[in-house]
Amino acid sequence: MNNSVEIKNLDLEFGSVKVLQNLNLEIGKGEFLVLLGSSGCGKSTLLNCIAGLLDVTAGQIHINGNNVTWSEPSERGIGMVFQSYALYPQMTVEGNLSFGLKNAKLPKTEIAQRIKRASEVLQIEPLLKRKPAALSGGQRQRVAIGRALVRDVDVFLFDEPLSNLDAKLRADLRVEIKRLHQNLENTMIYVTHDQIEAMTLADRIAIMRGGQIMQLGTPDEIYGQPINKYVAGFIGSPSMNFLDGRIKGREFEFGDLSIPMTGYNFVNGSPTDSETTLGIRPEHVVTGELVGNAPFQTDVTVGLIEPTGSDTLVDCELAGTPFRVRMDGQAKVSVGETLRIGLNPSRASLFDKQTELRL
Amino acid sequence: MVDVSPSTLSGPQGPKPRKVISRRNIFLYGTLFVVAIYYALPLYVMIITSLKGMPEIRLGNVFSPPVEVTFAPWVKAWSEACTGLTCDGLSTGFWNSVKITVPSVFMSIAIASVNGYALANWKFKGADVFFTILIFGAFIPYQVMLYPIVIMLREMGIYGSLGGLVIVHTIFGMPILTLLFRNYFTSLPEELFKAARVDGAGFWGIYFRIMLPMSVPIFTVAVILQVTGIWNDFLFGVVYARPETYPMTVALNNIVNSTQGVKEYNVNMAATIITGLVPLTIYFVSGKLFVRGIAAGAVKG
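Sequence order as written defines the numbering, with residues in each chain counted from 1. Chains and ligands are labelled by the order in which they are written, letters from A for the one and numbers from 1 for the other. Given that the model is predicted, a residue must reach a pLDDT of at least 70 before its local features are reported, and side-chain atom pairs must reach 80 or more before they are shown or counted; all residues, however, enter totals for whole chains, interfaces and linings.

Draft legend 1. Up close: the overall build of chain A. Under the scheme used here, helices are H or I runs from DSSP no shorter than 4 residues and strands are E runs no shorter than 2 residues, and both carry numbers assigned from the N terminus. The secondary structure content of chain A amounts to 8 helices and 20 strands. Counting only C-alpha atoms, chain A reaches 75 × 45 × 35 Å along its principal axes. Residues with at least 20 other C-beta atoms within 10 Å of their own are called buried, those with 12 or fewer are called exposed, and the rest are partly exposed. The C-beta atoms themselves are positioned from the backbone. A burial count over chain A gives 42% of its 359 residues as buried. Any pair of residues counts as being in contact when their C-beta atoms, constructed from backbone geometry, are within 7 Å of one another. Considering only intrachain contacts with a sequence separation of at least 6, the fraction spanning at least 24 residues in chain A is 66%.

Right, dumping it as structure tokens:
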């Protein structure tokens, strides 16, 4: 009974297309779970199933210990926030907030009280008499969150709520959603394709692909120990460098280089001779004075420089394979220069070349 | 701030100058003018003829304005002109047309909008087949169904009554109106419908409180379509009505085509204008509603 939402053996098919396949997921009370994946991976579909907006083909959905598989969306104890806000254009903000409560036939005083509380939390009190058309994007999304808030439910569902906002507003509202979660302690399920949102907001992240959950874990686990090559490449920006080579004992052989994998934690003990991919994040490559401490060191030629202000990305080649290095924004570097870099195998990832699973 | 010192520019700058009288404009407005005359002239002839007395018409100056303005032809067309045996002008036909048009427009739009809403948002099993059959109905020529419907109405005992005609108009409006409404409701953001469901609104709740207020433009289009279509209908009126229930268009035909006595051109012109006045008014009144974008603010603006 400690789980807020449980999804058991869920299948969903549109005609002959299998969108979700035998999906199992347990979400604890008060947990912030982010469903992350590229478009078409089934993450929004899963959210719609939880909301009851789609009939499932097989399996069960439990919310707060009740089997709600056949329940109407309004009976499930959920509130939902949509990407396009979906505010009722002909109603005022107040009308939007009260629509669900009126449908539930709550007494007027109760409705007024809940609207007051929600509008205080979201700071939309001065907007209550306005129509959605007279609001900015950020204000609209606040009202949309308010509409979920007044329902006084245990589970909040967010369907890419920040995707329509500009970058600055997105960052602001992201913080606000996180604060809201800390204060309310509701269960929140949040769908996004933005990994920054996922990493900053989530207690746990579920990476989805092809209607299945690839990896479920804390942001730390997902970033540090990606379970396969897809997750490793999906998380992190700039994305991980992949080097195709062979593992021989505890040495990774790559072109004419041989990288000792000392300090690397193998999942199932160290494998013998096999084709392997080594993944190293650009931010885990050290340069400058720190190179001296790295177990493996080599020289590369700087091919391209992308300054971003806070850091500088350097494109180069490592034994014929494109390789990116992240340096401090203050570092002086120029094209054609030889750069000494250091790698630390304990922070790298090894994947089997065939199965793409973590070794 | 970057400091830019002011300098004098040479060469083209600012808005590009446009000539008012150019070959392009002369050609364009010339064509428009000719086309406008072409369409306006018959109307002009109708109006001035309807205001002339018969002696003046016999002079044959079709384009000259009336020397002596008289409204007698209008009065006669409305209340005295003879259609066959009865001589009470267009008034009976006008009220018949009103009694046919108002309920037919209301019923056809009410049913078709709910149809369209259900087809767009509440996909039921076989919805696509149902829709296809309905659309197919739009392509069947009316003539094919004339006689079967006569028999159906006769068996139901409403052949020749206004009620029978209302039912026929309602049914024949269904395919095109359902298509119109379904396409409109499909174009409304689906998330709005989902949000309303999460908020606990049911089939009718969503229809009346969410969809209807957002659908003023499409209802306007439907009203225009149906009022003009049903008001101008001649075929169904002549087939399914009796002389005492004839709509205005049939009455007009009977006035204009009556062969006995003198051809009263002024009365005919007046009668025709009166009959055309209703669809014309609809166009003028509802034009503004057309343009309004009601869905503004629902989604990212």
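After that view of the structure, there is still more to cover.
Draft legend 2. The overall build of chain B, seen in detail. On a plain count of helices and strands, chain B comes out with 13 helices and 0 strands. Along chain B, from the amino end to the carboxyl end, the secondary structure elements read α-α-α-α-α-α-α-α-α-α-α-α-α. In terms of overall dimensions, chain B is more spread out than a globule: its C-alpha atoms have a radius of gyration of 27 Å, far above the 19 Å expected for 301 residues. On the principal axes, the C-alpha backbone points of chain B span a range of 90 × 65 × 30 Å. Looking at the 301 residues of chain B, the share that counts as buried comes to 31%. Sequence separation of 24 or more characterises 76% of the internal contacts of chain B that already satisfy a separation of 6 or more. Radius of gyration: over C-alpha atoms. The globule rule applied is 2.2 Å multiplied by the number of residues raised to the 0.38 power.

Draft legend 3. Structural context of the interface of chain A and chain B. Each side of the interface is counted separately: chain A has 23 residues, and chain B has 21 residues. Contributions of two or more residues to the side of chain A that touches chain B are made by β6 (78-81) and α2 (93-103) of chain A. It is α2 of chain A that contributes the most residues to the side of chain A that touches chain B, 3 residues altogether. Three classes are used: nonpolar for Ala, Val, Leu, Ile, Met, Phe, Trp, Tyr, Cys and Pro, charged for Asp, Glu, Lys and Arg, and polar for all others, with Gly counted as polar. In terms of residue class, the side of chain A that touches chain B is made up of 15 nonpolar, 7 polar and 1 charged.

Draft legend 4. Representation of the domain arrangement of chain A within the structure. All names here are of chain A. Domain delimitation follows an automatic or database domain assignment. Considered domain by domain, chain A is made up of domain 1 (3-233) and domain 2 (234-352). Spacing between the C-alpha centres of domain 1 and domain 2 amounts to 38 Å. The interface is formed by 11 residues belonging to domain 1 together with 10 residues belonging to domain 2. Contributions of two or more residues to the side of domain 1 that touches domain 2 are made by α7 (219-224) and α8 (229-234).

Draft legend 5. Region of the structure containing the pairing of strand β13 (residues 257-260) of chain A. Residue and element names in this part refer to chain A. Following DSSP output, two strands are said to pair if at least two bridges run between them. Both strand β12 (residues 251-254) and β13 contribute to a ladder of 4 bridges, which runs antiparallel. Note that in β13 the partner of Phe252 across the bridge is Ile259. Two successive antiparallel strands, β12 and β13, enclose a turn made up of 2 residues, where Gly255 displays a positive phi of approximately 60°.

Draft legend 6. Just the nonpolar core, in detail. Each nonpolar core comprises buried Ala, Val, Leu, Ile, Met, Phe, Trp, Tyr and Cys residues, the members being joined through C-beta atoms within 7 Å. Judged by nonpolar contacts, the single largest core of 151 residues is most densely connected at Leu157 and Ile189 of chain A. If one sorts the elements of this core by residue count, helix α7 (residues 162-187) of chain B sits on top with 10 residues. When residues no more than four places from it in sequence are discounted, the contact partners of Leu157 of chain A are Leu47, Ile50, Ala51, Ile78, Met80 and Ile189 of chain A.

Draft legend 7. Seen up close, the sheet that holds strand β7 (residues 155-159) of chain A. Residues and elements named next belong to chain A. Read across the open sheet, the 6 strands follow the order β6-β7-β8-β3-β9-β10; overall the sheet is mixed. The sheet is open, and its two borders are formed by β6 and β10 (212-217), each paired with just one other strand. Between one strand axis and the next, the sheet turns by 20° as a mean value, whatever way the strands run. Direction of pairing for β7 relative to strand β8 (residues 187-192): parallel, over a ladder of 5 bridges. Paired with Phe156 across the bridge in β8 is Met188. Angles here are taken between N-to-C directions and fall from 0 to 180 degrees, while the axes themselves are lines fitted to C-alpha atoms, restricted in helices to the stretch in contact.

Draft legend 8. Spatial organisation of the packing of helix α4 (residues 91-121) of chain B against α7 of chain B. Residue and element names in this part refer to chain B. It is at 6 Å that the axes of α4 and α7 come closest, and there the two elements cross at 35°. Of the two possible hands of crossing, α4 and α7 adopt the one that is right-handed. Split by residue class, the contact of α4 with α7 holds 16 nonpolar, 12 polar and 2 charged. Handedness of each helix crossing follows the sense of rotation of the near helix against the far helix: counterclockwise by less than a right angle gives left-handed, clockwise gives right-handed.

Draft legend 9. Layout of the packing of α7 of chain B against helix α10 (residues 216-232) of chain B. Residue and element names in this part refer to chain B. As a packed pair, α7 and α10 sit with axes 11 Å apart at the nearest point and diverge in direction by 155°. Classed by the angle they form, the pair α7 and α10 counts as roughly antiparallel. The chirality of how α7 crosses α10 is right-handed. Across the interface between the two elements, His169, Gly173, Leu177, Leu180, Phe181 and Tyr184 of α7 pack against Ile218, Val221, Ala222, Gln226 and Ile230 of α10. Of the residues assigned to the contact of α7 with α10, the class counts are 8 nonpolar, 3 polar and no charged. Each angle receives one of four descriptions, namely roughly parallel if under 35 degrees, roughly antiparallel if over 145, roughly perpendicular if within 65 to 115, and oblique otherwise.

Draft legend 10. Focus on the sheet that holds strand β5 (residues 66-67) of chain A. Residue and element names in this part refer to chain A. With antiparallel pairing, 4 strands are arranged side by side in an open sheet as β2-β1-β4-β5. Each edge of the open sheet carries a strand with a single partner, namely β2 (17-28) and β5. Where strand β1 (residues 3-14) lies against strand β4 (residues 58-63), 5 bridges are found, and the strand directions are antiparallel. Bridge pairing in β4 links Glu6 to His62.

Draft legend 11. Broad picture of α7 of chain B. To estimate the expected span of a helix, subtract one from its residue number and multiply by 1.5 Å. In a regular helix each residue adds 1.5 Å, so 26 residues correspond to 38 Å; α7 of chain B covers 37 Å between its end C-alpha atoms and thus fits that length. By the largest-angle criterion, Met174 of chain B marks the main kink of α7 of chain B, which is about 45°, and a proline, Pro175 of chain B, follows within four residues. Across the chain, bend at a residue is computed as the angle between axes fitted to the seven residues ending at that point and the seven starting from it.

Draft legend 12. Spatial organisation of the environment of Leu216 of chain A. Structurally, the position occupied by Leu216 of chain A is in strand β10. Leu216 of chain A has contacts with Arg204 and Ala206 of chain A, leaving out every residue within four places of it along the chain.

Draft legend 13. Region of interest: the domain arrangement of chain B. Residue and element names in this part refer to chain B. Taken domain by domain, chain B comprises domain 1 (23-70) and domain 2 (91-291). Contact with domain 1, which involves 7 residues of that partner, is made by 7 residues of domain 2. Elements with a minimum of two residues in the side of domain 1 that touches domain 2: α1 (23-50) and α2 (54-58). Among the elements that take part in the side of domain 1 that touches domain 2, α1 stands out by supplying 4 residues, more than any other.

Draft legend 14. Representation of the confidence of the model for chain B. Residue and element names in this part refer to chain B. When pLDDT is averaged along chain B, the result is 86; 92% of the residues meet or exceed 70. pLDDT runs from 0 to 100 and stands for how confident the predictor is about each residue. Note on residues 293-301: pLDDT is under 50 here. Beyond four places in sequence and across chains, it has 25 contacts. Reported for the predicted complex are a pTM of 0.82 and an ipTM of 0.85.

Draft legend 15. Geometry of the pairing of β1 of chain A. Residues and elements named next belong to chain A. One ladder, built from 8 bridges, connects β1 with β2; its direction is antiparallel. When the bridges of β2 are listed, Glu6 appears paired with Glu26. Hairpin connection of β1 to β2: 2 residues between the antiparallel strands, including Gly15 at a positive phi of 60°.

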